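# Fold and geometry: a report
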Amino acid sequence: MKVLVIGGGAREHALCRSLSLDPDVTALHCAPGNAGIAEVAELHGVNALDGTAVAELAAGLAADLVIVGPEAPLVAGVADAVRDRGIPVFGPSAQAAELEGSKAFAKDVMAAAAVPTARSYVCTTPAEVDVALDGFGPPYVVKDDGLAAGKGVVVTEDVDEARAHALACDRVVIEEFLDGPEVSLFAVTDGETVVPLQPAQDFKRAYDGDEGPNTGGMGAYSPLPWADPKLVDEVMDTVLQPTVDELRRRGTPFSGLLYAGLAITSRGVRVIEFNARFGDPETQVVLARLKTPLAGLLHAAATGTLAALPPLRWSDGAAVTVVIASHNYPDTPRTGDPIDGLADVAEQDGPKAYVLHAGTKRDEAGAVLSAGGRVLSVTATGSDLTTARQRAYRAVGRISLDGSQHRTDIAAKVADAAAEEEQGA
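Residues numbered from 1 in each chain as written. Predicted model: local features only at pLDDT ≥ 70, side-chain atom pairs only at ≥ 80, totals over all residues. Heavy atoms only, no water.

### Observations regarding the overall build of the chain
In terms of regular secondary structure, the chain is built from 14 helices and 24 strands. Reported as C-alpha extents along the three principal axes, the dimensions of the chain are approximately 55 × 50 × 50 Å. Looking at the 425 residues of the chain, the share that counts as buried comes to 56%. By sequence separation, contacts in the chain at least 24 residues apart represent 69% of the contacts at least 6 residues apart. (Helix = DSSP H or I, 4+ residues; strand = E, 2+ residues; numbered from the N terminus. Buried < 20%, exposed > 50% of the residue type's maximum accessible area, 1.4 Å probe, protein only. Contact = heavy atoms within 4.5 Å.)

This is the structure in structure tokens:
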């Protein structure tokens, strides 16, 4: 199978790494990719948002499968352009991708499918914003209706901050605050059959203790030892399958990766948001635990044959990923700084720990430089979360990037709690 992956972040590096280990993949390509992806795939300088160019590249490579990683190309219709050329593509149509592209559209779909979610108002005027904020009270949850790279949501006790964010958006969704821990659950679907993956939890805030501004995600872990064993089945029955069924009923079937961001509230599971693609950084830990070859799974979704696939196989262990970000992230990050220590991780920690590149590039001399806000995802596996954490942070300690930042508490509380429970048993 010849596979082309579209995108250039750590999510795409995680996808490419898994595909490179799949014996069914005979050729692996990525556009545009990054310095890390170049080690496992052939890179192509194609604009990921240009559906015509992506389709031409896929046809020229005689690709058997195209995987569209980021949300912006999906919303822009890149999967449609590839599908129109008769090439199997993993990723929803532009119409179906509105599930992520518009939070108002997602709320409408959830209402029609009776999917449990937060009460909300869609606002386009200052007066509507004021009514919604007054109606819910603090803490205020304000979401830009469109794509915002994971940074379009403000959760605050300060009504002035909430109002300022709302007025900066053309259209905004203001909703009730959902208490309880958050969970990310991915599902692969061909528009009818839905196959859930293992749940993960990510860390959105920039600093330790969940302080600071929202980011695209500073780390993640899987599995979730504290979660109800029936959680995946419940979400399948009340969220994922009804949503897929509703989109098919509307004539816009969703084929690809349906990502449910969930709150486990005191009143039960509630959907915070949907995404139309693999999440970053949760993908890094979910794929680290997936034993079923990835190419066959995604190809089955792209060709409508998921129902014939055997059950997925998973490792019994755990995975943790820690994001290393540039100076000043999530504000305007500093880029162009050299990254040292990557070879040390590969030599001393692999294959139990490894580095997935997000915002990187090579200079003319071949040195790896920072080229974005989130620069690296250091990922490790282990028999349990404590072991995976130790390996991940040991690898993080080998990497040098001037002015960089990372959280030191990724999966710390849950790993400690799991260890104490095991000792007590």
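This is not the end of the story, as more comes after the structure.
### A look at the sheet that holds strand 3 (residues 42-43)
Backbone-to-backbone hydrogen bonds pair the strands of a sheet. The strands run either parallel or antiparallel. As summarised here, the arrangement of the five strands in space is 3-2-1-4-5, forming an open sheet in which the pairing is parallel. Two strands lie at the open edges of the sheet, namely strand 3 and strand 5 (89-90), each paired on one side alone. Where strand 2 (residues 27-32) meets strand 3, two bridges bridge the pair, whose relative direction is parallel. Looking across to strand 3, one finds that Cys30 is bridged to Leu43. Strands strand 1 (2-7), strand 2 and strand 4 (65-68) of the sheet are contacted by helix 1 (residues 10-20), whose axis makes an angle of about 170° with strand 1. The strands touched by helix 2 (residues 51-61) are strand 1, strand 2 and strand 4; relative to strand 1, the strand with the most contacts, the crossing angle is about 160°. (Pairing = 2+ DSSP bridges. Axes fitted to C-alpha atoms, helices over the stretch in contact; angles between N-to-C directions.)

### Here's the deal with the packing of helix 5 (residues 94-101) against helix 6 (residues 103-113)
Two numbers describe how helix 5 lies on helix 6: the axes approach to 6 Å, and their chain directions differ by 100°. Considered as vectors, helix 5 and helix 6 are oriented roughly perpendicular to each other. Taken together, the residues of helix 6 that come into contact with helix 5 (itself represented by Gln95, Glu98, Leu99 and Gly101) are Lys103, Phe105, Ala106 and Val109. By residue class, the composition of the contact of helix 5 with helix 6 is four nonpolar, two polar and two charged. (Parallel < 35°, antiparallel > 145°, perpendicular 65-115°, else oblique. Nonpolar A, V, L, I, M, F, W, Y, C, P; charged D, E, K, R; others polar.)

### Things to note about the sheet that holds strand 8 (residues 153-156)
Strand order across the open sheet formed by four strands is 6-9-7-8, with antiparallel pairing between neighbours. Each edge of the open sheet carries a strand with a single partner, namely strand 6 (120-123) and strand 8. Within the sheet, the average angular offset between the axes of one strand and its neighbour, ignoring direction, is 20°. Alignment of strand 6 against strand 9 (residues 172-175), held across four bridges, turns out to be antiparallel. When the sheet's bridge partners are listed, Tyr121 is paired in strand 9 with Ile174. The sheet strands contacting helix 6 are strand 6, strand 7 (140-144) and strand 9, and the helix crosses strand 9 at an angle near 50°. Of the strands in this sheet, strand 6, strand 7 and strand 9 are in contact with helix 7 (residues 126-136), which crosses strand 6 at around 165°.

### Quick word on the packing of aromatic side chains
Any two aromatic rings considered together are summarised by their centre-to-centre distance and by the angle between their planes. Inspection of every chain in the model, using the stated rule, returns five aromatic pairs. Taking 5.5 Å as the distance between ring centres and 55° as the angle between the ring planes, the aromatic pair formed by Tyr121 and Phe136 counts as tilted. Taken together, the residues Tyr121 in strand 6 and Phe136 in helix 7 connect sequence positions 15 residues apart. An angle of 45° between the planes, with centres 6.1 Å apart, marks the rings of Phe203 and Tyr221 as tilted. With Phe203 in the loop between strand 12 (201-202) and strand 13 (205-207) and Tyr221 in strand 15 (residues 219-222), the pair connects residues that are 18 residues apart, well separated along the chain. Chaining the aromatic ring pairs together yields one cluster made of Phe90, Phe186, Tyr259 and Phe278. (Phe/Tyr/Trp six-rings, centres within 6.5 Å; stacked < 30°, edge-to-face > 60°.)

### Side note on the nonpolar core
Val66, Leu240, Phe274, Val320 and Ile399 are the most contacted members of the largest nonpolar core, which has 79 residues in total. Ranked by the residues each element gives to this core, the list is headed by helix 9 (residues 231-249), at eight residues. Residues within four places of Val320 in sequence aside, it is in contact with Ala220, Tyr221, Val285, Val378, Thr379, Ala380, Leu385, Ala388, Arg389, Ala392, Ile410 and Ala411. Ranked by size, the runner-up nonpolar core spans 42 residues in total, among them Cys30, Ala220, Leu294 and Ala302. (Core = buried A, V, L, I, M, F, W, Y, C linked by side-chain atoms within 4.5 Å.)

### Some remarks on the pairing of strand 15
Of the two faces of strand 15, the one holding Gly219 and Tyr221 and the one holding Ala220 and Ser222 are both buried throughout. Of the strand pairs in this sheet, strand 12 and strand 15 are connected by two bridges, and their pairing is antiparallel. If you follow Gln201 over to strand 15, its bridge partner there is Tyr221. Alignment of strand 15 against strand 18 (residues 318-325), held across four bridges, turns out to be antiparallel.

### Remarks on unusual backbone geometry
One can expect most non-glycine residues to show negative phi and most peptide bonds to be in trans. Geometrically, the link from Asp280 to Pro281 is a cis peptide bond, its omega value of 25° lying close to zero. Relative to the helices and strands, Pro281 is located in the loop between strand 17 (268-275) and helix 10 (282-289). Here the residue pair Tyr329 and Pro330 is connected by a cis peptide bond, since its omega of 10° sits within 30 degrees of zero. Structurally, the position occupied by Pro330 is in the loop between strand 18 and strand 19 (339-340). With a phi angle near 60°, Ala114 is a residue other than glycine that sits in the positive phi range. In this structure, Asn328 is a non-glycine residue whose phi angle is positive, near 80°. Topologically, Asn328 is positioned in the loop between strand 18 and strand 19.

### Details of helix 14 (residues 412-424)
Its 13 residues place the ends of helix 14 18 Å apart at the C-alpha level, agreeing with the 18 Å of an ideal helix rising 1.5 Å per residue. What helix 14 keeps buried is the set Ala412, Val414 and Ala415. Buried residues along helix 14 sit in contact with strand 15 and helix 13 (385-396). (Expected span 1.5 Å × (residues − 1).)

### Topic: the side chain of Glu246
Looking at where Glu246 falls in the secondary structure, it is placed in helix 9. Discounting chain neighbours no more than four positions away, the residues touching Glu246 are Val109, Ala112 and Ala113.

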